[in-house]
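# Structural overview
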Amino acid sequence: MSHLEELRRKVNLTEYTIDNVNSTDFPGTYNGYDDSWSQGKFEETFQIDIVSLSGCDMEFDMVGVDAAIANAVRRILLAEVPTMAIETVSIWNNTSIIQDEVLAHRLGLIPIKADPRLFEYRQKDSEEQTSEDTIQFKLKVKCSRNTLVSDATDPDVLYKNHKVYTRDMEWVPLPGQEHLVSKIDLTLVKGLSRSAELGDEMELDLELHCVKGIGKDHAKFSPVATASYRLLPEIRLLRRFYDDEAEKLQKCFSPGVIDLVETSDGRKVAKVVNARLDTCSRNVFRHDDLKDGVLLQKVRDHFIFSVESTGILAPDVLVSEAIKILIGKCQKFLQELDEGAGDKGRQKKGKRT
Amino acid sequence: MESIEDIMKLDKEKLAAPIKTIEEKWRLLPAFLKTKGLVKQHIDSFNYFINVEIKKIMKANDKVLSDADPNFYLKYLNIYVGMPNVQESLGIAQSISPHECRLRDITYSAPITVDIEFVRGKQPYIKKNVEIGRMPIMLRSSNCILTGKTAAEMAHLNECPMDPGGYFIVRGAEKVILIQEQLSKNRMIVDKDSKGNIECSVTSSTHERKSKTYVYQKKGNFYLKHNIFSEDIPVAIAFKAMGVACDQDIIQLVGNEEEAFDAMSPCLEECHRAQVFTPLQALEFIFSKIRQRMYGTKKSKADEARDVLKNVILAHVPVVDWNFKPKAIYLALMVRRIVLTQAGKIKLDDSDYYGNKRLELAGQLLSLLFEDLFKLYNLDLMKVADKNIPKVRATEFDITKFMRTDPITFGLVNAIATGNWTIKRFKMDRGGVTQVLSRLSYISALGMMTRINSQFEKTRKVSGPRSLQPSQWGLLCPSDTPEGEACGLVKNLALMTHITVDVDEGPIARIAVSLGVEDIETLSRDEVSSPNFYTVFLNGNILGMTNHCKRMVTIFRKLRRAGYINAFVSIFPNHSHKCIYIASDGGRVCRPYIIVNNKRPLVTKKHIEDLSREFRCFEDFLHEGLVEYLDVNEENDAMIALYESHITEDTTHLEIEPFTILGVCAGLIPYPHHNQSPRNTYQCAMGKQAMGTIGYNQRNRIDTLLYLLAYPQAPLVKSKTIELIHFDKLPAGQNATVAVMSYSGYDIEDALCCRESCNSFICLFPAGFGRCLVYRKQTCAVKRYANQTFDRIMGPKVDRETFKPIWKHQPLDHDGIAAPGMRIENRQVMVNKEMPTITSPSLQPQMGQIKQTEYKETPVTYKGSEPSYVERVLITSNQEESFLVKMLMRQTRRPEVGDKFSSRHGQKGVCGLIVPQEDMPFTDLVSNLVHK
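Residues numbered from 1 in each chain as written. Chains lettered and ligands numbered in written order. Predicted model: local features only at pLDDT ≥ 70, side-chain atom pairs only at ≥ 80, totals over all residues.

For chain B, the count of helices and strands is 22 helices and 45 strands. In terms of principal-axis extent, the alpha carbons of chain B reach across some 115 × 110 × 55 Å. The 932 residues of chain B split such that 41% are buried. Counting only contacts in chain B whose residues sit at least 6 apart along the sequence, the fraction spanning at least 24 positions is 70%. (Helix = DSSP H or I, 4+ residues; strand = E, 2+ residues; numbered from the N terminus. Buried ≥ 20, exposed ≤ 12 C-beta atoms within 10 Å, placed from the backbone. Contact = placed C-beta atoms within 7 Å.)

Take a look at the structure:
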């Protein structure tokens, strides 16, 4: 029975292969298991634990779902949660050494800290900008000699405005956007992102227009720097490892995974303390004397998500936004099923979260 | 308490502890590169030419006489090559920088001036600084304005301090004279000919003549073969013609051994059969075989044959006062080599052996060309004098009026510009000697400077010259060679290779004589053949003999280490040949080694410390005799340890650093010893195609085609070579995270998938993976015509109703030239030029009839499906075009399907699919590329 349980729940890591990777917990796979989906069972097993949340980074565990759902969340985070980003740049003057296109591309990648939920998507065919769909910025910088110092060699001292930062961008509220000043913070995320470097008497005079978009269209709209997940590793020691062997074993895993505990007779024995930290390098299988005593596994329905936001929205907000989008998709799918199939033969196929 | 065993054990360990090794001896390498540099061989060779060789050429051809007037003469007193300048209008010469030459399409050249003494009327005059032509100047040579400049001064001149130099700028194009590999001149080579006969050949090369002389054996007889003879000459007859009349003398010249007697007797028989007994008869016999006879000379048959023997046969052996003895001895030695080879006492020479090769560099090639041009120039002056002196004129004939600069200037410039090296004197007609410096990346430019071209035919299918010769160890890169037809024929120098320049023979000969070398003519025949006597050769000529071989070689080397003899003079004994060879000629490849004495390397830790504190430089190591240069031949007489731990009793030298076996391109590969060897070769070819940066002045250049990466990255994994050649400062490529997996359909034969817009902002990549900029040049010359008309540039045409420029002319500025920053699409106009309809003067309207010149539109339009942006417009002038417009067009491109990506290990792939970020495989980190 336990073997079957392992087949159902674990991924096996061996020296050369990764076995048992497919999920099998759907009805009819195993005799004696009720794998049918029910709300109650799901609510019982499903859980989300936020492991850490700080500024732009978040790590959380999602337990009790199929990989398809977890991956959907990841994909939506990357590609479908909207943000604001610079879409068009009108260049009135650019005498810097950076090329117009490259400058525009760099500006496009600056994360604009404006809550995208306050704005609309711009209509595909509309050229004009409205207060609902556009944020406008002005970037006008000129580098000049700092007359106070004469013998400096550091260009930062020798010149004023030698480096152009995003803080030099100035928000130009469109008519009807005055209320946004008090409502949200329209400052830029990374106050010190450098977009260009100027030499003596070089000048930039640009007008920037931000619109709302999604990462599918261009990666600059993606709200996350990275969003990925991994499965929870499990390490089982099948025999005891003492002293030198234990130390050797400890070195095979990431720091903190294996601890050496002193036994009553003064020997050190290896003990798995935190399998979660392991990178699953499978380094242990390179040692013939160790590999027989270790079983490496991963829990198939335990996803360790790590989300790194660009700073526009907090990562937890991003995840909940992503889940909302997933719900919206499901509802749309159900709706289409209803319309397509009519009332007859409705099947319970939808996924509710 | 310690037991005795314990103490014993301690001492044992102490005793067994290795002698401190010289750590960081690789630091000698940057010191070496500082003084010698990667392209130093080109620059050294060119410096030698313009400072030394050119004066020798002048001295050899310093008089112009005329048949018309026996009193007339023109004598060159001195010759100089000046600093590069340009002749602007009104005859003002102005100093010029290389970058200005590139931009303005002019030649970076300096005037060649001479001091002359000549006769005008009846009076001799001296005139100084007469310009006879212009010499293209190699960048970073002694006469280049960039030499000795600091990085800041270079920046002021728009020049990249990392640029290696060593090339020429001819009509705005950067041209490299490739290193040419040749069989060494004036050396005997014993080899088998196509019929299997053993032959000994010598390619003689002197300033006047190049010729090849063969001695070969056929049916037991020895023959002398040369192009000038219609029939091969029995060797005994040749000996007789050279004054060795006695048969015994002939045999003894060849040798005292049994084999020599046996081999020579049929030859003597043949000589008798031909009824040749005396030298005079021999000369007449030879005269009858001469193919081309000189007409007009009234010399006797014997004299003419003697002339041929003196000047043509074995031309490099000097004949002083008609004393043919040295030449006869040389010829005898050639016969002897064949005899001994047949007897199995010595082996056949290997013509692929690198000690038998000489590398010809820019200096040597230019000196050949210059000498030819200079001779032609003097011939022209002579003709002018012959023609003009008999004429009676009001003014006296002044030769300086006829000294034009064009012939020499054009001769030099055309040869470098086209790469066709035509020297009639030597019947030399080589193509492809120069190539345009490849500016695909910094590495491609560097790689080109170290490239060696072989003179061998590419079409012939022989493996010998193509395969890697063991004697190339450490001197030529074992990995860097192209695939395909030029495989193994085009090679590259290793990191520490140095190519020698000519060193004066005189002092060396004197030292050799004082070391006990005796004149061969004074020795008896028995002594010459005795086993203790060694023949001493200096650059292929017999200097004499010595019976203290070992002592002489040791003392000679000690003198060299002490600095009394030039460091690049090599000496080595060949015990089977019973010869000592001293070489001081140019074009030998050599390399520095640490000298080992009594199992200890002379370079110690302290020396290296001094070096890193810059108390010492590489030259100091050389002067103090800690380090010396060995060429390929001398390497054979040395025992070289690769690592300090390998040193044994017999070791004489220690390798400075093992990785110097590789060249510039192979040096970029991280951990090359873990790769399969062809991968390193592939990488060497591919590293040159890498996109990135080409120099600090890349944005100031206007090249025909220039690829730059928007965000180049210095490699994370560096090799020492990378730092030495500053590749980390001018990098090509980006550090990508690569997932290796199979992905069906898109992974056939080296394909890879690439993530769409790999450019998240806070990611490891600042933005834009693989984003690149393409620059293209457009030129437009505004010409003047013979009938006083000229091209003009008109402003944009304006639409009648909207008063806006028509679509075609939208990018144009008011002056009719596209404005910088404008986007130009297909078929839009870049320069709105108009040309007069009538440009030939014959169709000019008659006098008094003022007619408006008619113009037709000849605009320069943009062609290309993708639009470009105007980066920069340059308006300038040069010698050919009075008014020149150059435009730099820019395109920004991102990676697309079909683009080639590669690692640094010869693993290339073509992008087969671009997938969005969310579809890419991921781990905890994120990847950019998927390799098959």
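Right, let's get into the overall build of chain A. Broken down by element type, chain A carries 8 helices and 16 strands. Seen through its C-alpha atoms, chain A measures out along the principal axes to roughly 75 × 70 × 35 Å. In chain A, which comprises 353 residues, the share counted as buried stands at 29%.

This paragraph deals with the nonpolar core. Core analysis: the largest hydrophobic core is formed by 196 residues, its most contacted members being Val235, Ile237, Val335, Val536 and Ile582 of chain B. Considering each element in turn, this core owes the most residues, 11 residues, to helix 11 (residues 325-342) of chain B. Those residues in contact with Val335 of chain B, other than ones at most four positions away along the chain, are Val215, Phe222, Val235 and Val254 of chain B. One finds Leu107, Cys143, Tyr159 and Val224 of chain A within the second-largest nonpolar core, a separate group that totals 48 residues. (Core = buried A, V, L, I, M, F, W, Y, C linked by C-beta atoms within 7 Å.)

What follows is about the packing of helix 3 (residues 40-60) of chain B against helix 12 (residues 362-388) of chain B. The angle between the axes and the distance between the axes are what describe a pair of packed helices. All names here are of chain B. Running from N to C, helix 3 and helix 12 cross one another at 30°; their axes reach a closest spacing of 8 Å. Compared by their axis directions, helix 3 and helix 12 come out roughly parallel. Crossing hand, helix 3 versus helix 12: right-handed. Within the contact between the two elements, helix 3 uses His42, Ser45, Phe46, Tyr48, Phe49, Glu53, Ile54 and Ile57 and helix 12 uses Ala362, Gly363, Gln364, Leu366, Ser367, Phe370, Glu371 and Phe374. (Axes fitted to C-alpha atoms, helices over the stretch in contact; angles between N-to-C directions. Parallel < 35°, antiparallel > 145°, perpendicular 65-115°, else oblique. Left-handed = near helix turned anticlockwise from the far one by under 90°.)

Our focus in this paragraph is the pairing of strand 4 (residues 57-63) of chain A. Residue and element names in this part refer to chain A. Two elements, strand 3 (residues 47-54) and strand 4, share 7 bridges in a ladder whose sense is antiparallel. Bridge pairing in strand 4 places Ser52 opposite Glu59. Turn length for the strand 3-strand 4 hairpin, with the two strands adjacent in sequence and antiparallel, is 2 residues, and the turn residue Gly55 shows positive phi of about 50°. (Pairing = 2+ DSSP bridges.)

On to the packing of helix 12 of chain B against helix 13 (residues 406-418) of chain B, then. Residues and elements named next belong to chain B. With their axes 9 Å apart at the nearest point, helix 12 and helix 13 run at an angle of 155° to one another. Regarding the angle of helix 12 to helix 13, the classification is roughly antiparallel. Once helix 12 is placed against helix 13, the crossing between them reads as right-handed. In this structure, helix 12 contributes Leu369, Phe370, Leu373, Leu376, Tyr377 and Asp380 to the contact, and helix 13 contributes Pro407, Ile408, Gly411, Leu412 and Ala415.

This part is about the sheet that holds strand 24 (residues 570-574) of chain B. Residue and element names in this part refer to chain B. The strand order across the open sheet formed by 4 strands is 23-22-25-24, and the pairing between neighbours is mixed. The open sheet has two edge strands, strand 23 (541-546) and strand 24, and neither has a second partner. Taking each pair of neighbouring strands and ignoring which way they run, the sheet shows an average axis angle of 20°. Strand contacts of helix 15 (residues 505-514): strand 22 (534-538), strand 23 and strand 25 (579-583), with the helix running at about 160° to strand 22, the strand carrying the most contacts. This element, helix 17 (residues 549-561), spans strand 22, strand 23, strand 24 and strand 25 of the sheet and lies at about 165° to strand 24.

Here the focus is the confidence of the model for chain A. With 92% of its residues at a pLDDT of at least 70, chain A reaches an overall mean of 84. Considering only residues more than four positions removed or in separate chains, one finds that residues 345-353 of chain A, a stretch of pLDDT under 50, has 8 contacts. (pLDDT = per-residue confidence, 0-100.)

As a further point, take the confidence of the model for chain B. Residue and element names in this part refer to chain B. When pLDDT is averaged along chain B, the result is 83; 91% of the residues meet or exceed 70. Averaged over each element, pLDDT in chain B is lowest for strand 45 (residues 929-931) (49) and highest for strand 7 (residues 168-170) (93). Here residues 754-766 scores under 50 on pLDDT; set against residues more than four positions off or in separate chains, the count is 35 contacts. Across the predicted assembly, pTM comes out at 0.85 and ipTM at 0.82.

Further remarks concern the sheet that holds strand 38 (residues 833-836) of chain B. Residues and elements named next belong to chain B. Taken together, the 3 strands give an open sheet; going across it, the order is 35-38-39, and neighbouring strands pair in antiparallel fashion. Two strands in the sheet have a free side with no partner beyond their single neighbour: strand 35 (792-793) and strand 39 (855-857). Two elements, strand 38 and strand 39, share 3 bridges in a ladder whose sense is antiparallel. By the bridge assignment for strand 39, Met835 is matched with Lys856.

Residue and element names in this part refer to chain B. According to UniProt, the "domain: RNA polymerase Rpb2" (unreviewed entry) feature falls on residues 185-360, 435-499, 536-597 and 618-650. Helix makes up 21% of residues 536-597 and strand 45%, and the two end C-alpha atoms of the span are 27 Å apart. As annotated, residues 618-650 has a helix share of 30% and a strand share of 21%, and its two end C-alpha atoms lie 26 Å apart. (UniProt positions renumbered as here; feature names shortened; annotations may be inferred.)

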